[in-house]
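# Coordinates in review
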Amino acid sequence: MLDGKTIAITRSKDDASEFISLAESNKAIPIPLPTIELVSKGAKIVDDFLNLVATEHPDYSVFLSSKAVKILFDTAKKIGNFEKLQLAVANTMVMSVGPKTTATLNTYGIKVNHEPKNNSSIGVGEEFSQINAVGKKVIIPRSGASNPFLKELLNKIGIHVVEIHLYDVCAFRDTTQWNGFRELFSQNKVDGVIFTSASSVRGFFEIMQKDYEKSDLINNLSKLSLVCIGPFTSEELKKFDVPYVVSDLHTVAGAFDTMKTSLC
């Protein structure tokens, strides 16, 4: 048990229900921190996706986050193109990065054909290697802030990749929601932070550096248990010269277990 330990996660309250449940069942105090905002590129993303499907004829659609799924399908609903989008995706083999993304796709009536055991971009690459998809085409709707790792990996395997950027990412603007965390952090009453994406690392430091000198912030963070959900998150955190550990299982539950081991 984590009796009384205070642990933050770089997600909004709405996106942190699993973490909150895990923390409370272990008698820890959870603090969800909204670090980033997603800014949709607008209604055109649906037409762009449909046009790419029509011209490129992809064999696979790959979804790397539940946010990408929601933004694409909710936008289609707003402009009356939901059924057309649903059919376009359903006519491809669908790969989801992990269980949360799979569950979100299911809510929009999309059957998932493949989900890698390793819920990460590396896992997606491993899954494509196993199903012998050389020469196939893949469409990936994702963030405009994404790194090129997956595209380059799939290209090396022999897969043609078409990316469509659905949204941009910026630091969360309404930081009044951070007031409680700031107070506890200043009093050295925070025990750990779980970082859930590279963009959330950037958002965290952009927000915190408005109130703390960088050297003081890093010094205080170095006293905490910091856990990264996966390797790309850790690559971003590495830039800030603080100690951390990376979860072996790239999920919220896996990161929480790593934090639990670190604090117990």
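Keep in mind that this is a model prediction, so the values were computed, not measured. (Residues numbered from 1 in each chain as written. Predicted model: local features only at pLDDT ≥ 70, side-chain atom pairs only at ≥ 80, totals over all residues. Heavy atoms only, no water.)

### Digging into the overall build of the protein
- Along its length, the protein carries twelve helices and ten strands.
- The C-alpha radius of gyration of the protein comes to 19 Å, within 12% of the 18 Å expected for a compact globule of 264 residues.
- C-alpha atoms of the protein, sized along the principal axes, occupy 55 × 40 × 35 Å.
- By residue count, 50% of the 264 residues in the protein fall in the buried class.
- A separation threshold of at least 6 residues defines the contact pool for the protein, and within that pool the share at least 24 residues apart is 66%. (Helix = DSSP H or I, 4+ residues; strand = E, 2+ residues; numbered from the N terminus. Rg over C-alpha atoms; globule rule 2.2 N^0.38 Å. Buried < 20%, exposed > 50% of the residue type's maximum accessible area, 1.4 Å probe, protein only. Contact = heavy atoms within 4.5 Å.)

### Quick look at the packing of helix α3 (residues 66–78) against helix α5 (residues 99–107)
- As a packed pair, α3 and α5 sit with axes 8 Å apart at the nearest point and diverge in direction by 20 degrees. By the angle between their axes, α3 is roughly parallel relative to α5. Every pair of crossing elements has a handedness; the one defined by α3 and α5 is right-handed. Contacts from Ser-66, Val-69, Lys-70 and Phe-73 in α3 reach Lys-100, Thr-101, Thr-104 and Leu-105 in α5. (Axes fitted to C-alpha atoms, helices over the stretch in contact; angles between N-to-C directions. Parallel < 35°, antiparallel > 145°, perpendicular 65-115°, else oblique. Left-handed = near helix turned anticlockwise from the far one by under 90°.)

### Looking at unusual backbone geometry
- Despite not being glycine, Asn-188 shows a phi value in the positive range, around 55 degrees.
- Among the structural elements, Asn-188 can be located in the loop between α8 (179–186) and β8 (192–195).
- You can call Asn-188 exposed: its relative accessible area is 53%.
- Positive phi, normally seen in glycine, also occurs at Asp-241, with a value near 55 degrees.
- As for its placement among the helices and strands, Asp-241 is situated in the loop between α11 (231–237) and β10 (245–246).

### Here we look at the side chain of Ser-143
- The topology assignment puts Ser-143 in strand β6 (residues 137–143).
- Relative accessible area serves as the criterion here: at 8%, Ser-143 is assigned to the buried category.
- Apart from the residues lying within four places of it in its own chain, the contact partners of Ser-143 are His-165, Tyr-167 and Val-169.

### Quick look at the packing of aromatic side chains
- Inspection of every chain in the model, using the stated rule, returns 14 aromatic pairs.
- Relative to Phe-185, the ring of Phe-181 has its centre 5.7 Å away and its plane inclined at 25 degrees; by these criteria the two rings are stacked. Of this pair, Phe-181 and Phe-185 both sit in helix α8, four residues apart, which is roughly one turn of that helix. Each member of the pair, Phe-181 as well as Phe-185, carries the same accessibility label: buried.
- Taken together, Trp-178, Phe-181, Phe-185, Phe-195, Phe-204, Phe-205, Tyr-212 and Phe-240 form an aromatic cluster joined through their ring pairs.
- Seen from the ring of Phe-82, Lys-77 lies directly overhead, with NZ or CZ sitting 5.2 Å from the centre. (Phe/Tyr/Trp six-rings, centres within 6.5 Å; stacked < 30°, edge-to-face > 60°. Lys NZ or Arg CZ within 6 Å of the ring centre and 35° of its normal.)

These values are about where atoms sit, not about what they do.
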